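Now for the letters of each chain:
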Amino acid sequence: GFIQETLVHFFAKYEIGFLFPVLLTSLIFGLIHYKGGIAYIGLATLAGLFYGYAYHHTERVEAAIFVHFCVNASHFLLFTYPAAIRLP
């Protein structure tokens, strides 16, 4: 939230709107996940777009946290957990 808000204020003088700061913040979020590899960077960047939009739309970091929780929970319940179950 802090980075996105700072970028929104910085780019306000250029009348770019909120889209570029959200894209840039999402890319930074994706790059933070570099240890997962290029595919993980791409997925984290894509997810970051949703987190950034949630934050922009509500102006509450809790909204971005909630969306992040939902994405992580969905991934765990739909992909990670079923793959860990051994079928007879």
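Cut-offs and rules
Residues numbered from 1 in each chain as written. Predicted model: local features only at pLDDT ≥ 70, side-chain atom pairs only at ≥ 80, totals over all residues. Heavy atoms only, no water. Helix = DSSP H or I, 4+ residues; strand = E, 2+ residues; numbered from the N terminus. Expected span 1.5 Å × (residues − 1). Buried < 20%, exposed > 50% of the residue type's maximum accessible area, 1.4 Å probe, protein only. Contact = heavy atoms within 4.5 Å. 1 Å grid on protein atoms, 1.4 Å probe; cavity = no way out; pocket = protein on both sides within 12 Å on 5 of 7 lines; lining within 4 Å. Points joined across faces, edges and corners; volume = space filled by probe spheres on them. Nonpolar A, V, L, I, M, F, W, Y, C, P; charged D, E, K, R; others polar. Axes fitted to C-alpha atoms, helices over the stretch in contact; angles between N-to-C directions. Left-handed = near helix turned anticlockwise from the far one by under 90°.

All right, on to helix α2 (residues 19–32) then. In a regular helix each residue adds 1.5 Å, so 14 residues correspond to 20 Å; α2 covers 20 Å between its end C-alpha atoms and thus fits that length. Taken residue by residue, α2 has Pro21, Val22, Thr25, Ser26 and Gly30 as its buried positions. Where α2 is buried, its residues contact α1 (2–11) and α3 (38–58).

With that settled, the discussion passes to the layout of surface pockets. Empty space within the largest pocket amounts to approximately 410 Å³. Around the largest pocket sit 16 residues that line it, and Leu43, Ala47, Tyr51, Val71 and Asn72 are the ones nearest its centre. Breaking the lining of the largest pocket down by element, the ones donating at least two residues are α3 and α4 (61–84). Partitioning the lining of the largest pocket into residue classes produces 11 nonpolar, 5 polar and no charged. In this structure, the second largest pocket occupies an estimated 280 Å³ of space. For the second largest pocket, the lining is made up of 16 residues, of which Gly1, Gln4, Thr25, Phe29 and Tyr51 are closest to its centre. Mapped by element, the contributors of at least two residues to the lining of the second largest pocket are α1, α2, α3 and α4. No other element matches α2, which puts 5 residues into the lining of the second largest pocket. Residues of the lining of the second largest pocket, tallied by class, amount to 9 nonpolar, 7 polar and no charged.

As a further point, take the packing of α1 against α2. Packing of α1 against α2 brings their axes to within 9 Å, and their N-to-C directions diverge by 145°. The interaxial crossing formed by α1 with α2 has right-handed handedness. Side by side, α1 and α2 meet where Ile3, Gln4, Leu7, Val8 and Phe11 of the first sit next to Phe20, Pro21, Val22, Leu24, Thr25 and Ile28 of the second. Looking at the contact of α1 with α2 residue by residue, the classes come out as 9 nonpolar, 2 polar and no charged.

Let's shift gears to α3. For α3, spanning 21 residues, the distance from its first C-alpha to its last is 30 Å, which sits close to the expected 30 Å at 1.5 Å a residue. Glutamate 59 occupies a position one or two residues after α3 and carries a positive phi of about 60°.

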